[in-house]
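Residues per chain are reported as follows:
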Amino acid sequence: MLLGATLVAGCTSSGSVGGSGGSSGGSGGSGSAGKAGALPSGKFSTVQAFDAQQISWGKCTSEPSDDPTADLSAFQCGTVDVPLDYTKPSGKYVALALVKWPAANPATKVGSLLTNPGGPGASGVDFVEESKQEFDGALHAHYDIIGFDPRGLGRSDPIVCQSDKTQDALAEQDPPKDPTQRAAKAEQDSKNLAAACEKNSGDLLPYVGSNYVAQDMDLMRQVLGDKKLNYLGISYGTYIGSVYAEEFPANVGRMVLDGAVDPNADQLQANVQQQLGFEQSLEKFAGDCVTNYASSCPLSGTPTAAAQQLGHFIDGLQDHPLPTDDPSRPLDQTLGWTGVIIGLYGDVGSDWWKYLREALTKAMKSGDGSDLLAGADQYDGRDQSGHYSTEQNGLIAVRCADFTTPTPSAAEVQSAYNQLKTGASILNSNLAPGDLAQPMCADWPFQTQEKPHVIKAQGSDTILVVGTTADPATPYQNAVNLANGFADARLLTRVGTGHAAFGSGNQCAQSAMEAYLVSGTLPPVGERCTA
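Residues numbered from 1 in each chain as written. Predicted model: local features only at pLDDT ≥ 70, side-chain atom pairs only at ≥ 80, totals over all residues. Heavy atoms only, no water.

Asks: Just to check I follow, could you spell out the overall build of the protein chain for this structure?
Replies: A count of helical and extended segments in the protein chain gives 17 helices and 10 strands. In terms of overall dimensions, the protein chain is globule-like: its C-alpha atoms have a radius of gyration of 22 Å, near the 24 Å expected for 531 residues. Projected onto its principal axes, the C-alpha coordinates of the protein chain cover approximately 60 × 50 × 50 Å. Among the 531 residues that make up the protein chain, the fraction classed as buried is 58%. Long-range pairs, those at least 24 residues apart, make up 77% of the contacts in the protein chain with a sequence separation of at least 6. Summed over all atoms, the accessible surface of the protein chain reaches about 19,600 Å², with 50% contributed by carbon and sulfur. Averaging the positions of the 34 positive and the 59 negative side-chain charges in the protein chain gives two centres separated by 3 Å. (Helix = DSSP H or I, 4+ residues; strand = E, 2+ residues; numbered from the N terminus. Rg over C-alpha atoms; globule rule 2.2 N^0.38 Å. Buried < 20%, exposed > 50% of the residue type's maximum accessible area, 1.4 Å probe, protein only. Contact = heavy atoms within 4.5 Å. Areas by Shrake-Rupley, 256 points an atom, 1.4 Å probe, with all protein chains shown as cover. Lys, Arg positive; Asp, Glu negative; His and termini not counted. Charge placed at Lys NZ, Arg CZ, Asp CG, Glu CD.)

Asks: Help me out: how do you make sense of the packing of helix α11 (residues 333-343) against helix α12 (residues 351-366) in this one?
Replies: When two helices pack together, their arrangement is given by the angle between the helix axes and by the axis-to-axis distance. Packing of α11 against α12 brings their axes to within 8 Å, and their N-to-C directions diverge by 150 degrees. In terms of orientation, α11 and α12 fall into the roughly antiparallel class. Of the residues in α12, those touching α11 at G339, V340, I342 and G343 are W352, W353, Y355, L356 and L360. Here the residues of the contact of α11 with α12 are counted per class, giving seven nonpolar, two polar and no charged. (Axes fitted to C-alpha atoms, helices over the stretch in contact; angles between N-to-C directions. Parallel < 35°, antiparallel > 145°, perpendicular 65-115°, else oblique. Nonpolar A, V, L, I, M, F, W, Y, C, P; charged D, E, K, R; others polar.)

Asks: Looking at this model, I keep getting lost on empty space enclosed by the protein. Mind explaining?
Replies: With a probe scaled to a water molecule rolled over the atoms, the places where space remains empty come into view. In the structure shown here, the tally under the stated rule is two cavities of 30 Å³ or more. Taken as a whole, the largest cavity spans an internal volume of roughly 90 Å³. Lining the largest cavity we find 15 residues, and of these P150, L153, V213, I240 and V398 sit closest to its centre. Contributions of two or more residues to the lining of the largest cavity are made by α7 (210-224) and α8 (236-247). A breakdown of the residues in the lining of the largest cavity according to their chemical character gives nine nonpolar, five polar and one charged. There is about 30 Å³ of room inside the second largest cavity. Lining the second largest cavity, in full, are C400, F403, T404, T405, C441, F446, Q447 and T448. (1 Å grid on protein atoms, 1.4 Å probe; cavity = no way out; pocket = protein on both sides within 12 Å on 5 of 7 lines; lining within 4 Å. Points joined across faces, edges and corners; volume = space filled by probe spheres on them.)

Structure representation (structure tokens):
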């Protein structure tokens, strides 16, 4: 029962959720990244002084929590300082955490490739450290691979809101069954979160969002010594790239935007379309489970019946939670659905679907919710010590900075409700119209003036937009809309399920993205990659 909640879009089809698991420790190098507290000031006098700084690259010392045994010896870490407010460069500044995988062959190196995995709120540092295999080959031969944690997130000077115990209570508490009580609780939780974020991160909170990140990226481009920005943005990273192209079109180099966010989308409708996509992925997963893994699948019957069976089981956890390997944390309905959703970011044959089959088998056949709880924790950014990353708070802070979310009309609420009850009834079994009536940012202390709009980026180099036909998190139409909006873009279609094409195992799509980033060769118009 998702109740119209916005879903994280920072998980690729073959990897882990970027930034989950409490990546708040230092990453090596210099600076104050990853340390909450008062921001420093007075080090720089002009924006040009920021541009002239040198990054002190050093040993990376904090493994990504999703892969605590990762070998970081190939990577270099450091920080770059950016103005908190670009109109006041002599004032406070923010330290951004970076990681670099130096190009394999200096003789063929063409520059730096910045990358961001989305979220919003996911860690670009973790992403590079966890995705070495995906970047190896042509990309690593020609580029220094650069990951960064945007301002307010991850190892960069972070937004701090609520305590770990408070976040535990919110993540582990099923919403009331009564719609009126549920709406009241949601409103109070929203007010509490906004107040906590403003209290603990008041200096930083007004200065997050993709407009600032775009300026930071252009500053990083100059510090790294690149004439143009070469960039791979995935999921919400596509929105960051789109905003960069809008603000700095002449500085756009080879840009690939994979798993697109539509900057002109109505936010309520975008949420609806995302949930419709996850429902379709749920049905495909259930069909694959009963058809191709009948002897081990905990589901039975037709694909539709199997999906409904899964939904009934997870909904039943509200009244009958399952024990886990942590006696103090039983698997309830909220955690159960979160553990399912993370698996639906994958595609047929992916590790994500394998995880979901095995976790459901353990829960449904053995009465043990431990694996689903582990998946929920990864999605929520909770590590084994009970510490939360900045991802979930960052998601709300960035979304509220990037998009105006007006209160929907009664007709808009009813339309959204009808669509969800018709096309995503399993995920929203107890949904009431009132669950959709309050916009996510209604209580946020800093109301943005940004409005959904078409981004043209007139004057940019060609932007390659990649969309997956059955992407649950960022529906394919987003990519079509984004590509059509740009003044100069090419659309590449990956035919399949799962979130985003990069690292999905689709060699056609992977090769096309690499060819453009390395040599500037665009795929043919209308190219569709089936494998």
